[in-house]
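So the chains spell out like this:
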Amino acid sequence: ADSDALVTAAAARALALPGVGDDPGVDPFLEHTMNADDPATRAAAAVAIIRRGATGLALAVEGLFSRGDDRVMTDVLQALVDGGDPAFQGLITAGLKADLPLARESAVDAAAASCLPEHRKLMAGLLQDEDPHVAVRAASALYLLVGAGTPGAKTPSASK
């Protein structure tokens, strides 16, 4: 409830400590904090929700994510790279389709970390992305997921 954005963001980040788990008593604070004026504070609240596994607030995080704020999108996607509840995996799909190249690039990392096959098709589409950073990141992730990660797949050095 503090009016200072730094204090509020720090409080939200403190609630994102790993291993804390979901606590419905904290949900109202996090939901309120996602409406803060400061993007860093909104992002910290969304990350805390993901790390705590507060799936009851998944729709609120999706709504915040859909606003297109680059800070929120990249921080949320990084939280999913670090490990997120399956209830939040739809954010990866939204990130892969985002208008912001930085969000698409971050979403590729999150998709690769999730190892879910449904993200591969979207990542393959990003091979032709207008932003070269996104295309290279997608190519690298797909290589690791499909080419190098397939058991029994022959690599150039294995066939010699």
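No experiment lies behind these values; they were computed from the predicted model shown.

Novice: Help me understand the overall build of the chain, please; the structure alone is not making it clear to me.
Specialist: Scanning the chain from N- to C-terminus turns up nine helices and zero strands. Secondary structure elements of the chain, listed N to C terminal, follow the sequence α-α-α-α-α-α-α-α-α. The buried share of the chain, reckoned over its 160 residues, is 39%. Long-range pairs, those at least 24 residues apart, make up 60% of the contacts in the chain with a sequence separation of at least 6. When the accessible surface of the chain is split by element, carbon and sulfur atoms take 57% of a total near 8400 Å².

Novice: Explanation requested: the pattern of salt bridges in the structure shown.
Specialist: For side chains bearing opposite charge, pairing can occur when the charged atoms are close. Per the stated rule, a full pass over the model turns up six salt bridges. The salt bridge partner of Arg51 is Asp82, with a shortest N-O separation of 3.0 Å. Here Arg51 is found in helix H3 (residues 39-52), whereas its partner Asp82 is found in the loop between helix H5 (70-81) and helix H6 (90-96), with 31 residues between them in sequence. For Arg51, a relative accessible area of 35% translates into the label partly exposed. The partly exposed category is assigned to Asp82, whose relative accessible area is 49%.

Novice: Just to check I follow, could you spell out the environment of Ala43 for this structure?
Specialist: Checked against the element boundaries, Ala43 lands in helix H3. On a C-alpha basis, the gap between Ala43 and Asp70 in space is 9.5 Å, while along the polypeptide they are 27 residues apart. Sequence-distant contacts of Ala43, defined by excluding residues within four places in its chain, comprise Arg71, Val72 and Asp75.

Novice: It is not clear to me how the side chain of Asp131 should be interpreted in this structure. Could you clarify?
Specialist: Checked against the element boundaries, Asp131 lands in the loop between helix H8 (118-125) and helix H9 (132-147). Within the buried core, Asp131 has no salt-bridge partner, and the shortest N-O distance to an opposite charge, that of Arg104, equals 5.5 Å. Separated by 2.8 Å, the side chain of Asp131 and the backbone nitrogen of His133 make a polar contact. Non-local contacts of Asp131, meaning those with residues more than four positions away in its chain, are made with Pro101 and Arg104.

Novice: Just to check I follow, could you spell out the side chain of Ser106 for this structure?
Specialist: Tracing the backbone through its elements, the reader meets Ser106 in helix H7 (residues 101-114). Judged by its relative accessible area of 16%, Ser106 is buried. Aside from chain neighbours lying at most four places away, what touches Ser106 is Thr74 and Leu77.

Novice: I tried to follow the confidence of the model for the chain on my own but got confused; where do I start?
Specialist: Residues at a pLDDT of 70 or more form 85% of the chain, whose mean pLDDT is 83. Here helix H1 (residues 5-14) is the element of the chain with the lowest mean pLDDT, 74, and helix H4 (residues 58-65) is the one with the highest, 95. Here residues 155-160 is modelled with pLDDT under 50, and outside its nearest four sequence neighbours on either side it reaches zero contacts, counting other chains as well.

Novice: Help me understand H7 in this model?
Specialist: Side chains of residues three or four places apart in an α-helix project in the same direction, reflecting 3.6 residues per turn. Given a rise of 1.5 Å per residue, 14 residues ought to cover 20 Å, and the 20 Å separating the end C-alpha atoms of H7 matches this to within 8%. Within H7, the full set of buried residues consists of Ala103, Arg104, Glu105, Ser106, Ala107, Val108, Ala110, Ala111 and Ser114. One or two steps after H7, the chain reaches Cys115, where phi turns positive at roughly 60°.

Novice: Hey, could you run me through the environment of Lys97 in this one?
Specialist: Looking at the secondary structure, you find Lys97 in the loop between H6 and H7. Look at Lys97 and you get exposed, because its relative accessible area is 56%. It is 9.0 Å that separates the C-alpha atoms of Lys97 and Leu126, two residues lying 29 residues apart in sequence.

Novice: How should the environment of Leu127 be read in this particular structure?
Specialist: Among the structural elements, Leu127 can be located in the loop between H8 and H9. Once the C-alpha coordinates of Leu127 and Ser140 are considered, the two residues, 13 residues apart in sequence, prove to be 9.8 Å apart.

Criteria and cut-off values
- Residues numbered from 1 in each chain as written.
- Predicted model: local features only at pLDDT ≥ 70, side-chain atom pairs only at ≥ 80, totals over all residues.
- Heavy atoms only, no water.
- Helix = DSSP H or I, 4+ residues; strand = E, 2+ residues; numbered from the N terminus.
- Buried < 20%, exposed > 50% of the residue type's maximum accessible area, 1.4 Å probe, protein only.
- Contact = heavy atoms within 4.5 Å.
- Areas by Shrake-Rupley, 256 points an atom, 1.4 Å probe, with all protein chains shown as cover.
- Salt bridge = Lys/Arg side-chain N within 4 Å of Asp/Glu carboxyl O.
- Lys, Arg positive; Asp, Glu negative; His and termini not counted.
- Polar contact = N/O pair within 3.5 Å; in protein donor to acceptor, adjacent residues only side chain to side chain.
- pLDDT = per-residue confidence, 0-100.
- Expected span 1.5 Å × (residues − 1).

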